[in-house]
Structure formats: C-alpha cells, structure tokens
Amino acid sequence: MHFVFFTGTGTVSDISDYKHCSRNVTTAGMLRYLAFDFGKEYFKNVTQLDIGTLYIDTCSAELHTYKILDQIFGGDVATLVDTNGKTHKVPLDRFVLVIGDISSAVTIALQSYLRLLGVPQIAPGSTSNWLDNVDRYPHFLRITPSDSFQAQNILRIAREVNIKSIGLIYTSSVYGNSGAQLIQKYAQRYNICIEHMLRIERSETSIEQVGRRLATDDSLPRAFVYFGDEWKIPQLLEKIHDHDQIWKSKGRMIIGGKTWGNSYELIKGYHKETFGTLTLGLATDFTYKSGGVDHFRYYISNRTPNNTPNHLFRRFWQGHFNCHLPLMNGVASPTPCSETCNLIHSSQTCQCPVLATDDVFTKLVVMAWSGFAHAVKNALSDKNSIEVLFANSTTARESYFRWLQTVYIPSKHNGPSDDMKLFNESSNQGPANYDVYNIKKNSTGQAEYIKVFSFQQKHLNKSKSEKPFFYHFGDIDDSFGSPCTTKQCHCPHNINEEEFDMSGDRGSNDERQYASQEPDSKKLDAILSLAAITLLALLTFGIYGEWSKKILGITVKSKTFVTFVNLMYDAHLEYMSCFVWVRR
C-alpha cells in the first residue's frame, strides 16, 4: 500500500517575482531537494516501508503555489504526472504528511488546504509568528522557532555592540511584514530607537530606490536591520554596489536575520559591501553522521544526471559545471558534460565549487524526515499496523499526529550524545538556538563569516576568541556605534534576561493577536475576492432574474456568464506554471 508525501522546498528554482519561478536552480535549493530525496531513502531504511513521494518546486512564490495546490487538492482525487509521463489518480486521504516549506507565505497557502484535510505538516522553516496560533493551525509543526525569538535576539545583538538607533529594512511579504511588526514591538522593550523604516515592495524600482537611499542618504543611521526574504538579499547588495564608494564612506552596516545566515551564495560578487555585517543563523546540533560516516555527503557524491532523472537536477548540473547535457537547453556552453564529474570533489576534468553540505535548512529537511521515520517506527512498534496508523478517521489522525509531536531522534542517528527532541509539545516548534556571525575581511580581501555570539533559548553566549569588527572606508572602525540622533531616542537600560519574552511558545494572547493579522497582499486578495463575488452575484441575477435585468439594463446569456468566469480565472492564473513529479 503506497502513501504519497509532498513538500514545498521554497528555493529549488530561483524566484523571479512573486508569480514566477526563474530557470536558475540555486545551489542551496538543489541541496534542499537532495536532502528530501535522501530523507526518503533514510525513511525506508528506518521503517522498512517503501513510499511514494510528490515534490513541488514552489520557489517561494505564493501565487505560483496556490495554482499548484488547487490542481492537486481542488477535487476529490489528485491527478499527478510522474517523470515518465505516467498519470496517477491519488485519493486525497493518501496524503499523510507534508515536509516543507521554508517560506512562511507558502506554508500559509499550504495550510489553507491541509487544515481541511487534517494532514500534518513539518516545516524546516516558515518562522513567521503569523503561524504561531495553535488553534488556527492545529496540525502544523516546525523544527524552527517563531520569529518572536529571532526579533528579540536581533535587538539584543544591536544592544551588545552599542547600537542605540537603527533603521529597519523589510520586504513586502508574510515574513517581512510580520518580522517588521515584531522588531517594532520589541524595540520599545529594549529602548532601541527605530529612526527609519524602508519597505521593499514587489517592484524592481522599489529595491532600486531602497538600495540607493541606503547607500547615499546622510539622514539615515549607520546600522540597519534587514528582515526580509532570502532572494531579495543579492538584489539589495547589487543596488548598494552601484554606489559602492559612497556606501563605504558612510560606514554603514546591516544586521541580517536567519534568511541570511552564513550563506556565501547570497553575497557572491558583493563581498566588499558586506564587511562588518552581523547575521543571525539558525543553529542545530543535528549531523548527518553516524558511525563516523557522513551519509548525506556520500549520497550527494553519487548523484549524477543518470541516476537523478529530473529536469531541475539536470539543469543545475549544466549550470554548475558550465556544460551541456543531451536533450537539454538553457546553457550557452557547447562543451558536453563529463560522466566522471562529482558534486563533492573538484577535479581537473570538472572544475567547480564544492557543495557545502552544512546549509542549516538542508539539515532541517533531513531532520524532518528523520523525525517522521522514527515516529512511524515507534507507532508500528506499539502494535499499530500501517493501515491503522494512517486510517482516514479523526481518532487515527490525532493519534498519528501525537506520535509526530512527541518524537525523539535517537542519538546514534544524529551525532549528538543525547536523543534529540524535535518539538516543544506546547508550541509545536523547535528550540530557539541561533549562531551570530560577523562578516570580516580576510587576508585575501574576501568576506569570511566568523562566529561571534550564540543564543541557546534566551541565553546569550559570547565567543572567547572573536569579537565583532566594523568598517569605515573599508578599514576596521574600532569606535563604531550608532547613537540616538532624534528626540524620540532613549538610550537602552540594562535588561535582565528574565525579561526575555518567551511567549513565542505559541498560544499567548499577544502572539495570537499578531497571528491574526494578515499581510497586506492577503487583505487585497480578500477585497478583490469580495468584489468578484459581488459582481458574479449581480451577473447571476442578470441571468436568472427578470427584475435585475431591468435594473442592470443588460441581457446576459448563460454562455456569456460561463465565458466570463473562465476568463477571470485564467486572467488570474495564466502566468503560473506547475512542476510536480511522483516517485515510486
């Protein structure tokens, strides 16, 4: 008996805007896809069960995701096409788990369907506090903590390095809007002044304006917090690069959140613009090793276009090695790809960047699979059959969710000496552990991430050997500070750690208030939907009601009505494309 699992990975393909995926496959995105593929094999080894999987490349584009989800869950049976072109009719009760997404906006889209079906979701990201409400999202689990923790820790970092006044850059997205609310909320608690707020809208001109102003405007503070989408970071750095000398003369620096972390891919080509940046990254003790073997690294080293037959992997392979595969397009290089190339080890034949398998979200995807595998194993050991565990009943679903919620990963499967608990049962989320990095200029003039602080739950730990460096005109600035420059500013008082707000443990009235606030785009969608429904109602009366025909002064035939509805649907979705595949 096969059961289908699917995930939205967020960034396999790069996002061109909120509606489209680009043709570029990112290194981090491909690693996260390979982690999902590896997790499937891990699950099979732990449980001795063979399963089917459905994988969706959402590229963090929520409108693109809604289109795909409607195609899958819009009827009683999902119609899926695998990589061989074979069609599968899958009853919706066969979907028993979603592993994903990294994007909070995509997860909200997922939850609009999963809540109705009672399907659990384990998210390796999706940290927006708009997802904190356990009543609204009863079967939503995430390995990561709520952004309530991240926002406070960002402000604690600022206070630690004598920053008393900040600017705030945020993106017009679920993650950016909810994060900006939290920074404003907790800045008052920490007595840090927010002098300016710069919002990056969804247009190209908006990020151009923000980047130019950030680099050139003398009225802005030296330190800025960035709370926004991952894919906007290189675009922002590109705009700052256009005003590179002015940027250096201002001595400005950025404090980036977990979407930045310690990613070299995000700052590729813009190292000089990032010197002095502080970034917050999610931290986990989970490793791929057991018995001294790095199983994930070994798995990746054996991936080739021959044994990983999907077009995203093949497209990534071409771009990574700057070569050409048969029956593929999209690269300018006419050089045929060598069959001896390896994603882990560079050689004379295949010169390429070696994949860094320590990407934290890649680890979290494998953790999600590992937790699921051990939850199923534990349930089956408790005299449950696979049919009983995944039965389509309320009692069975709640029992199955409880196995997921309370699962531990045994120490021999994750590297640390102790068993690893994935979720806090009161909050359905993971521990609030972070590492803080300072981007420093190394001896070759390149950027290097140096760990300077860490957070374990609410406790701040300082590195004994490293301290943050900041830069002015490209040189180290020992006197860095961002003082209060407006009358509204107040210097921070000493805050005891006991004042740290732990209400991110989901369920407090304050967090539920924030969770109930929807992003501006959702409000706009709701208004447009209401307008469309009103118009459709008028047209319906126009068809069936003689009195309304007289009021409207029009005669609408049934055929015209149907055509109108279809055109409205197509006009909204014509720019989206769907990519799914099924593995058996």
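Residues numbered from 1 in each chain as written. Predicted model: local features only at pLDDT ≥ 70, side-chain atom pairs only at ≥ 80, totals over all residues. Heavy atoms only, no water.

Colleague: Explain unusual backbone geometry residue by residue, including any values.
Modeller: With an omega dihedral of 15°, the bond running from Gly-100 to Asp-101 counts as a cis peptide bond. We note that Gln-48 has phi near 65°; this positive angle belongs to a residue other than glycine. Structurally, Gln-48 can be placed in the loop between helix H1 (27-47) and strand S4 (52-56). Since its relative accessible area comes to 62%, Gln-48 is described here as exposed. (Helix = DSSP H or I, 4+ residues; strand = E, 2+ residues; numbered from the N terminus. Buried < 20%, exposed > 50% of the residue type's maximum accessible area, 1.4 Å probe, protein only.)

Colleague: I'd love a proper account of the packing of aromatic side chains, names of residues and values included.
Modeller: This model, assessed by the stated rule, comprises 18 aromatic pairs. An angle of 70° between the planes, with centres 5.3 Å apart, marks the rings of Phe-73 and Phe-95 as edge-to-face. Here Phe-73 is found in helix H2 (residues 62-73), whereas its partner Phe-95 is found in strand S7 (residues 95-99), with 22 residues between them in sequence. Ring centres 4.7 Å apart and planes at 55° place the aromatic pair Trp-317 and Phe-321 in the tilted group. You can see Trp-317 and its partner Phe-321 sitting in helix H11 (residues 311-321), four residues apart, about one turn around the helix. (Phe/Tyr/Trp six-rings, centres within 6.5 Å; stacked < 30°, edge-to-face > 60°.)

Colleague: Let's hear about the nonpolar core: which residues, and what values?
Modeller: By size, the foremost hydrophobic cluster in this structure holds 98 residues, and its most contacted members are Met-30, Ile-183, Leu-278, Trp-317, Leu-343 and Phe-372. Ranked by residue count, the leading element in this core is helix H12 (residues 360-381), at 13 residues. Sequence-distant contacts of Leu-278, defined by excluding residues within four places in its chain, comprise Ile-157, Val-161, Met-253, Ile-254, Ile-255, Gly-256, Val-436, Tyr-437, Asn-438, Val-452, Pro-468 and Phe-470. Residues Val-210, Leu-220, Ile-233 and Leu-237 belong to the second largest nonpolar core, which totals 26 residues. (Core = buried A, V, L, I, M, F, W, Y, C linked by side-chain atoms within 4.5 Å. Contact = heavy atoms within 4.5 Å.)

Colleague: Provide a residue-level description of the sheet that holds strand S13 (residues 253-256), including the pertinent values.
Modeller: Judged by pairing direction, the sheet is mixed, and its eight strands sit side by side in the order S11-S10-S12-S13-S14-S19-S20-S21 without closing on themselves. Each edge of the open sheet is held by one strand with a lone partner, namely strand S11 (193-200) and strand S21 (459-462). With direction set aside, neighbouring strand axes in the sheet form an average angle of 25°. In terms of strand pairing, strand S14 (residues 278-282) meets strand S19 (residues 433-441) through five bridges, oriented antiparallel. Looking across to S19, one finds that Leu-280 is bridged to Val-436. Packed onto the sheet, helix H6 (residues 204-216) meets strand S10 (165-171), S11 and strand S12 (223-227) and runs at close to 145° relative to S11. (Pairing = 2+ DSSP bridges. Axes fitted to C-alpha atoms, helices over the stretch in contact; angles between N-to-C directions.)

Colleague: Tell me what's going on with the pattern of salt bridges, and back it up with residues and numbers.
Modeller: Scanning all chains against the criterion turns up 16 salt bridges. Between Lys-462 and Glu-160 there is a salt bridge; the shortest N-O distance is 2.6 Å. In this pair, Lys-462 is assigned in strand S21 and Glu-160 in helix H4 (residues 147-160), connecting sequence segments 302 residues apart. Look at Lys-462 and you get exposed, because its relative accessible area is 54%. In this structure, Lys-250 engages Asp-218 in a salt bridge whose closest nitrogen and oxygen atoms are separated by 1.9 Å. Placement of Lys-250 in helix H8 (residues 244-250) and of Asp-218 in the loop between H6 and S12 is noted, with a sequence separation of 32 residues between them. Owing to a relative accessible area of 61%, Asp-218 belongs among the exposed residues under this scheme. One network of salt bridges, in which partners are shared, links Glu-204, Glu-208, Arg-212 and Lys-239. (Salt bridge = Lys/Arg side-chain N within 4 Å of Asp/Glu carboxyl O.)

Colleague: Report on the pairing of strand S5 (residues 77-81), specifying residues and quantitative values.
Modeller: Side-chain alternation along S5 places Ala-78 and Leu-80 on a buried face and Val-77, Thr-79 and Val-81 on a face that remains uncovered. Bridge count for S5 against strand S6 (residues 87-91) is five bridges, and the pairing is antiparallel. Within S6, the residue paired with Val-81 across the bridge is Thr-87.

Colleague: Would you mind going over the confidence of the model for the chain in detail, with residue names and values included?
Modeller: When pLDDT is averaged across the chain, the result is 78; 76% of the residues are at 70 or more. Here residues 490-498 is modelled with pLDDT under 50, and outside its nearest four sequence neighbours on either side it reaches 22 contacts, counting other chains as well. (pLDDT = per-residue confidence, 0-100.)

Colleague: Outline the side chain of Thr-304, supporting the account with residue identities and numerical values.
Modeller: Along the chain, Thr-304 turns up in the loop between helix H10 (295-301) and H11. With residues near it in sequence (within four places) discarded, Thr-304 still touches Phe-313 and Trp-317.

Colleague: An account of the packing of H4 against helix H5 (residues 174-189) is requested, with residue identities and associated values reported.
Modeller: The N-to-C vectors of H4 and H5 enclose an angle of 55°; their axes lie 9 Å apart at closest approach. One finds that H4 runs oblique with respect to H5. Considering how the two elements wind past one another, H4 and H5 form a crossing that is right-handed. Along the contact surface, H4 presents Asp-147, Ser-148, Gln-150, Ala-151, Gln-152, Ile-154 and Leu-155, while H5 presents Tyr-175, Leu-182, Ile-183, Tyr-186 and Ala-187. In terms of residue class, the contact of H4 with H5 is built from eight nonpolar, three polar and one charged. (Parallel < 35°, antiparallel > 145°, perpendicular 65-115°, else oblique. Left-handed = near helix turned anticlockwise from the far one by under 90°. Nonpolar A, V, L, I, M, F, W, Y, C, P; charged D, E, K, R; others polar.)

Colleague: How would you explain the pairing of S10 if you had to name every residue and give the values?
Modeller: In terms of burial, S10 is a largely internal element, seven of the seven residues being buried. Of the two faces of S10, the one holding Ser-165, Gly-167, Ile-169 and Thr-171 and the one holding Ile-166, Leu-168 and Tyr-170 are both buried throughout. Examined bridge by bridge, S10 and S11 share seven bridges and lie parallel to one another. Each residue of the ladder has a partner; that of Ile-166, found in S11, is Ile-194. With H5 bridging S10 and its parallel neighbour S11, the resulting β-α-β unit is right-handed. Note: S10 against S12, four bridges, orientation parallel. Bridged to Leu-168 within S12 is Val-225. (Right-handed = clockwise from strand over helix to strand, strands pointing away.)

Colleague: Pulling in residues and values, what's your account of helix H3 (residues 104-117)?
Modeller: One turn of the α-helix equals 3.6 residues, which is why residues spaced by three or four share an orientation. The end-to-end C-alpha distance of H3 is 20 Å, a good match for the 20 Å that 14 residues give at a rise of 1.5 Å each. At Gln-111, H3 is bent by approximately 35°, the largest bend along its length. Among the 14 residues that make up H3, 10 are buried, leaving the element largely enclosed by the rest of the structure. Every buried residue of H3 is accounted for by Ser-104, Ala-105, Val-106, Thr-107, Ile-108, Ala-109, Leu-110, Gln-111, Tyr-113 and Leu-114. Between the side-chain oxygen at the start of H3 and the backbone nitrogen of Ala-105 there is a gap of 3.3 Å, and the oxygen is on Ser-103. Gly-118 sits one or two positions beyond H3 and adopts a positive phi of about 70°. (Expected span 1.5 Å × (residues − 1). Bend = angle between axes of the 7 residues up to and from the residue. Polar contact = N/O pair within 3.5 Å; in protein donor to acceptor, adjacent residues only side chain to side chain.)

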